[in-house]
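A structural walkthrough
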Protein chains: 2
Amino acid sequence: MALFLIGIGLNDEKDITLKGLALVKKADAVYLENYTSLLQVPLAALEELYGKKIMLADRTFVEKKGDALVKEARLENIAFLVIGDVFGATTHTDLYQRALKANVPVEIVHNASILTAVGKTGLELYKFGKTTSIPYTDGSWEVETPYQVLKENLAQGLHTLLLLDIQADKQRFMTIAEAIRYLLALAEKKQDTVFSPKTKCAGVARMGSTTELIIAGSAEVLMKKEFGKPPHALIVPGKLHFMEEEMLEHWAQKHL
Amino acid sequence: MALFLIGIGLNDEKDITLKGLALVKKADAVYLENYTSLLQVPLAALEELYGKKIMLADRTFVEKKGDALVKEARLENIAFLVIGDVFGATTHTDLYQRALKANVPVEIVHNASILTAVGKTGLELYKFGKTTSIPYTDGSWEVETPYQVLKENLAQGLHTLLLLDIQADKQRFMTIAEAIRYLLALAEKKQDTVFSPKTKCAGVARMGSTTELIIAGSAEVLMKKEFGKPPHALIVPGKLHFMEEEMLEHWAQKHL
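Here goes a summary of the coordinates provided. Because the structure is predicted, anything quoted here is derived from the model rather than measured. (Residues numbered from 1 in each chain as written. Chains lettered and ligands numbered in written order. Predicted model: local features only at pLDDT ≥ 70, side-chain atom pairs only at ≥ 80, totals over all residues. Heavy atoms only, no water.)

1. What to know about the sheet that holds strand β11 (residues 213-218) of chain B
Residue and element names in this part refer to chain B.
- Taken together, the five strands give an open sheet; going across it, the order is β6-β7-β12-β10-β11, and neighbouring strands pair in mixed fashion. Each edge of the sheet is formed by a strand with only one pairing partner; in this case those strands are β6 (132-134) and β11. Neighbour-to-neighbour, the strand axes of the sheet open up by a mean angle of 25°, direction not taken into account.
- Relative to strand β12 (residues 232-236), strand β7 (residues 160-164) runs antiparallel, the two sharing four bridges. Of the residues in β12, the one forming a bridge with leucine 161 is isoleucine 235. (Pairing = 2+ DSSP bridges. Helix = DSSP H or I, 4+ residues; strand = E, 2+ residues; numbered from the N terminus. Axes fitted to C-alpha atoms, helices over the stretch in contact; angles between N-to-C directions.)

2. A look at the relation of the copies chain A and chain B
- Structural alignment of chain A on chain B gives an RMSD of 0.0 Å, achieved by rotating through 180° and translating 0.0 Å along the axis. Seen this way, the second copy is the image of the first under a two-fold rotation axis.
- Counting the interface residues of chain A, we find that 100% of their copies in chain B are interface residues as well, pointing to one common contact surface. (Least-squares fit on C-alpha atoms with pLDDT ≥ 70 in both. Contact = heavy atoms within 4.5 Å.)

3. Considerations on unusual backbone geometry
Residue and element names in this part refer to chain A.
- Cis geometry is found at the peptide bond from proline 230 to proline 231, where omega equals -5°.
- The phi dihedral of glutamine 171 is positive, around 50°, even though this residue is not glycine.
- Structurally, the position occupied by glutamine 171 is in the loop between β8 (166-167) and β9 (172-173).
- Assessed through its relative accessible area of 61%, glutamine 171 is described here as exposed. (Buried < 20%, exposed > 50% of the residue type's maximum accessible area, 1.4 Å probe, protein only.)

4. Re the interface of chain A and chain B
- Chain A puts 53 residues into the contact, and the matching count from chain B is 53 residues.
- A combined buried area of about 4500 Å² lies between chain A and chain B, and 62% of that area is made up of carbon and sulfur atoms.
- Lysine 19 of chain A is the salt-bridge partner of aspartate 15 of chain B, the closest N and O atoms lying 3.0 Å from each other.
- Connecting chain A to chain B are 20 residue pairs in polar contact (both at pLDDT 80 or more).
- Counting residues per element, the ones that place at least two in the side of chain A that touches chain B are α1 (18-26), α4 (90-101), α5 (114-117), α6 (145-155) and α9 (242-253) of chain A. (Buried area = accessible area lost by both parts, 1.4 Å probe. Salt bridge = Lys/Arg side-chain N within 4 Å of Asp/Glu carboxyl O. Polar contact = N/O pair within 3.5 Å; in protein donor to acceptor, adjacent residues only side chain to side chain.)

5. Description of α9 of chain A
- End to end, α9 of chain A covers 16 Å across twelve residues, agreeing with the expected 16 Å (1.5 Å per residue, within 8%).
- Regarding α9 of chain A, the residues found buried are Met243, Glu244, Met247, Leu248, Trp251 and Ala252 of chain A.
- Buried residues along α9 of chain A sit against β10 (200-205) and β11 (213-218) of chain A together with α4 (90-101) of chain B. (Expected span 1.5 Å × (residues − 1).)

6. Regarding empty space enclosed by the protein
- Following the criterion strictly, the structure yields three cavities of 30 Å³ or more and no others.
- Of the volumes computed, that of the largest cavity is approximately 220 Å³.
- Contributing to the lining of the largest cavity are 15 residues, with Leu115 and Thr131 of chain A together with Leu115, Leu125 and Phe128 of chain B lying nearest its centre.
- Elements supplying a minimum of two residues to the lining of the largest cavity: α5 of chain A together with α5 (114-117) of chain B.
- The residue inventory of the lining of the largest cavity, partitioned by class, reads nine nonpolar, six polar and no charged.
- Taken as a whole, the second largest cavity holds about 130 Å³ of empty space.
- Every residue lining the second largest cavity is counted, 14 residues in all, and those nearest its centre are Gly122, Leu123 and Glu124 of chain A together with Thr90 and Thr93 of chain B.
- Of all the elements in the fold, those that place two or more residues in the lining of the second largest cavity are α9 of chain A together with α4 of chain B.
- For the lining of the second largest cavity, the per-class residue count stands at six nonpolar, six polar and two charged. (1 Å grid on protein atoms, 1.4 Å probe; cavity = no way out; pocket = protein on both sides within 12 Å on 5 of 7 lines; lining within 4 Å. Points joined across faces, edges and corners; volume = space filled by probe spheres on them. Nonpolar A, V, L, I, M, F, W, Y, C, P; charged D, E, K, R; others polar.)

7. Brief notes about the pattern of salt bridges
Residues and elements named next belong to chain A.
- Across all of its chains, the model carries 24 salt bridges over all chains by this definition.
- Arginine 59 is the partner of glutamate 63 in a salt bridge, and the nearest nitrogen-oxygen pair spans 3.9 Å. A residue pair is termed a helical-turn pair when its members lie 3 or 4 positions apart in one helix, as glutamate 63 and arginine 59 do in helix α3 (residues 59-75) at four residues.
- On the basis of relative accessible area, glutamate 63 is assigned to the partly exposed category, the value being 42%.

And the structure:
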């Protein structure tokens, strides 16, 4: 018996790989992690195609029941599905590590991730620096890390992918406009040149889905665009190769 | 009619997604890019499962026939398969861009990439800096970029993924030992502390395959390990969280 950690890709039930699907079919119980990312289709679509009942695993479940899950995987085949790729979030590495420690066999099935899907913008994946995420803080404290990461990446001429907060339990998802407002507020406070209304950006929504949207433009322009349903992410490009520039121009022109 | 750019994942014919497979089946002609990465199974395995004849596209083909391919996609459905994810290499972005310019519809199917599969080492994907690759130079010139990238990433406490040269046409693939020798030679020349025989590294081979190998250890230890068939990649971790440290310890102990 084993634990199957299976990435199911970015959009719908058909983004699973043949290998992943074969393992789901072999599983005695199937869980879907649904708090670090967001399913673009109803759960029923997955259940129908996979031919399995799927149990939703929220943050509390994964953090508190991790060991129980691993224990279960000694006696039965347990499939744990992750939207995107398996190692996009620390909690899944934690689950993997628990299984290794407990000597429970694990099979990993990789899949597409937002970290590489953003290559569609035309920005070279090799030239992305550290990835960062902007959390909702509700004004109670000010998190400066994403701004700091952006600053350091830009100093090296690197692109920055800013992932935006997903609070699935509260059905609360940060928008590109909110992310830009956050960066502008920090720029205002710090009085530096890291980010301004004129900063070229690319906003991406629902990457890998049929309603995917990529728009390039200055921060002030992107703030006014309607990106629709979550998840959203914001990219601030560093030094651009002319091919990258042309692609951003394409994504700017397309949504004037 | 359209151009389908389809990532087929890291290992074998079963790493394609259901969506990717459906498009391959709809295609009138199927090409497989085979010079930026390396198929782990015979081409026939893909052809059998996909039910299609597959034409191999080497570097010259893609660079010289890109426009012809796009033209073809006006009249027929053309599937262009890429090992790993679609946007792992600049040439594929170039092909995508040519199709956009020519107003030929394009469908992209994302898949797993070495850039995210390395998450299995336990190193946090968000904490990777710029990615770099070490080319064979055959002593004719000395490329310092990878060393420079490593230096800058380390200064920020970030992990570095070093991809190693793949010269598929010459059946020549850089090994982890060769990559370490390259870094040690540059360290010797520069007399700095960026890389030494004691530097902690992780070597990975054939990520995502059934013969995948991950070994952690100092550079001098890894140089003596047998990683087997290509492709290989080398990771030099930056500042480690204790969970990351534990995982590297796991990959060190496993192959003492």
